[in-house]
Amino acid sequence: LLALPERYSDESSWAKKNKPDEVKKSQEKINEVIFYYAKIYHQKAQKTSDQKLYKLVQNAYIVLLKDKENDDENIELLQNLSDIYYVNKQYTEAGDTYKRIVDQGKEKAIVVEKINNKETRKNIHALASKNMLDAYSKLFTPEFQQLVKQEPDFKNPTELSKNAERFVGGCYAFLKHYSS
């Protein structure tokens, strides 16, 4: 299933033999089916903590994001992918992916859920912002605990580590939207 987007991409021999509107419709249907099953398997992985399912779903979300960079559904994809990274203690990836949601701003951080032909819109910006800080904090806390035990050397300051830069950048991104 995950090979289908590439097999039916715009550059594929199949696409070159078909009308552009048929190609687009087929690609959209393929992505819709992958997203549908990815969410089902994601729920199963959450219930069972099955790492193989998490990895499968993670790969599905990554494949889908390649096609949906500017699509409204990418917020939900990013949220779901971030959550998988977080559960698997991949805090760098989790924080960076949550930050992609945060960077889109409050007005675009919307997840649309369709239940019984009824749409509900949920803004996840605040949640993504807090989760981003939490993930970056988990990266930086061990280093910070060591730093507070050291005597500062203001004559020879050291550069910030990547984890410190991420944490500070995350704080800046958070304060940009939630200054109080």
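Going by the structure above, here's the rest.
My aim in this report is to walk through the structure given alongside it, one point at a time. Numbers given to residues run from 1 along each chain, matching the order in which its sequence is written. At least 70 in pLDDT is required for a residue's local features to be given in this predicted model, at least 80 for side-chain atom pairs to be given and counted, and no such filter applies to totals for whole chains, interfaces and linings, which use all residues. Remark: hydrogens and water are excluded; side-chain values derive from all non-hydrogen atoms of the structure.

## Here we look at the overall build of the protein
Per the secondary structure count, the protein includes 8 helices and 2 strands. Helices and strands appear in the protein in the N-to-C order α-α-α-α-α-α-β-β-α-α. Here the protein has a C-alpha radius of gyration of 20 Å; the compact-globule value for 180 residues is 16 Å, and the former is much larger. With the principal axes as the frame, the protein shows a C-alpha extent of 70 × 35 × 35 Å. Exposure is judged per residue with a 1.4 Å probe applied to protein chains only, and the accessible area is read against the type maximum: over 50% gives exposed, under 20% gives buried, and values in between give partly exposed. Within the protein, the fraction of its 180 residues that count as buried is 33%. Whether two residues are in contact is decided by their heavy atoms, any of which lying within 4.5 Å being enough. The contacts of the protein with a sequence gap of at least 6 include a subset with a gap of at least 24, amounting to 57%. To be clear on the numbers: accessible area is Shrake-Rupley with a 1.4 Å probe, and residue cover counts the displayed protein chains and nothing else. Carbon and sulfur atoms make up 50% of the accessible area of the protein, which amounts to about 12300 Å² in all. Think of it this way: Lys and Arg go in the positive column, Asp and Glu in the negative one, and His and the chain ends go nowhere. For this purpose, a charge sits on NZ of Lys, CZ of Arg, CG of Asp or CD of Glu. The distance from the centre of the 30 positive side-chain charges to the centre of the 27 negative ones in the protein is 4 Å. By the criteria applied, helices consist of DSSP H or I runs no shorter than four residues and strands consist of E runs no shorter than two, each listed in order from the N terminus. A radius of gyration in this sense is built from C-alpha atoms; the matching globule rule multiplies 2.2 Å by the number of residues raised to 0.38.

## Focus on the layout of surface pockets
Points on a 1 Å grid over protein atoms alone make up a cavity when a 1.4 Å probe fits among them but cannot get out, and a pocket when they form an open set with protein on both sides within 12 Å along at least five of seven lines; lining residues each have an atom within 4 Å of a point. Grid points are joined across faces, edges and corners, and a volume is the space filled by probe spheres set on the points. For the second largest pocket, the calculated volume is near 390 Å³. Lining the second largest pocket are 16 residues, with Leu 147, Gln 150, Pro 152, Asp 153 and Thr 158 sitting closest to its centre. A total of 3 residues in the lining of the second largest pocket trace back to one element, the largest contributor, which is helix α7 (residues 125-147). Looking at the lining of the second largest pocket residue by residue, the class counts come to 8 nonpolar, 4 polar and 4 charged. Under the scheme applied, nonpolar residues are Ala, Val, Leu, Ile, Met, Phe, Trp, Tyr, Cys and Pro; charged residues are Asp, Glu, Lys and Arg; polar residues are all the others, including Gly.

## Comments concerning the packing of helix α5 (residues 74-87) against helix α6 (residues 91-103)
A fitted line through C-alpha atoms serves as each axis, taken over the contacting stretch for helices, and the angle formed by two N-to-C directions is quoted from 0 to 180°. The contact between α5 and α6 brings their axes to 8 Å, and the two run at 160°. Taken together, α5 and α6 sit at an angle that is classed as roughly antiparallel. Judged by the sense of rotation from one axis to the other, the crossing of α5 with α6 is left-handed. Along the contact surface, α5 presents Ile 75, Leu 78, Gln 79, Leu 81, Ser 82, Asp 83, Tyr 85 and Tyr 86, while α6 presents Tyr 91, Glu 93, Ala 94, Thr 97, Tyr 98, Arg 100 and Ile 101. For the contact of α5 with α6, the residue count by class is 9 nonpolar, 3 polar and 3 charged. Should an angle fall under 35 degrees it is called roughly parallel, over 145 degrees roughly antiparallel, and 65 to 115 degrees roughly perpendicular, with every other angle called oblique. Whether a crossing is left-handed or right-handed is set by the direction in which the near helix is turned from the far one by less than a right angle, anticlockwise for left-handed and clockwise for right-handed.

## Notes on the nonpolar core
Throughout, nonpolar core names a set of buried Ala, Val, Leu, Ile, Met, Phe, Trp, Tyr and Cys residues whose side chains join them through atoms within 4.5 Å. Tyr 61, Leu 77, Ile 101, Ile 124 and Met 132 are the most contacted members of the largest nonpolar core, which totals 34 residues. Residue assignment for this core shows that the elements contributing at least two residues are α3 (20-48), α4 (51-67), α5, α6, α7 and α8 (162-177). At 7 residues, the largest contribution of residues to this core is made by α4.

## Observations concerning the pairing of strand β2 (residues 118-123)
The element β2 is barely covered by neighbouring structure, given that only 0 of its 6 residues are classed as buried. Following DSSP output, two strands are said to pair if at least two bridges run between them. Bridge analysis of strand β1 (residues 110-115) against β2 gives 6 bridges, and the strand direction is antiparallel. Looking at the pairing, Ile 115 lines up with Lys 118 of β2.

## Here we look at the side chain of Gln 58
Of note, Gln 58 is situated in helix α4. On the accessibility criterion, Gln 58 (6% relative accessible area) is buried.

## Side note on the environment of Gln 90
Note on placement: Gln 90 falls in the loop between α5 and α6. Taking relative accessible area as the criterion, Gln 90 reaches 25% and is therefore assigned partly exposed. Along the backbone, Gln 90 and Leu 139 are 49 residues apart, and their C-alpha atoms lie at a distance of 9.3 Å. Beyond its immediate chain neighbours, meaning those up to four positions away, Gln 90 contacts Gln 58 and Tyr 85.

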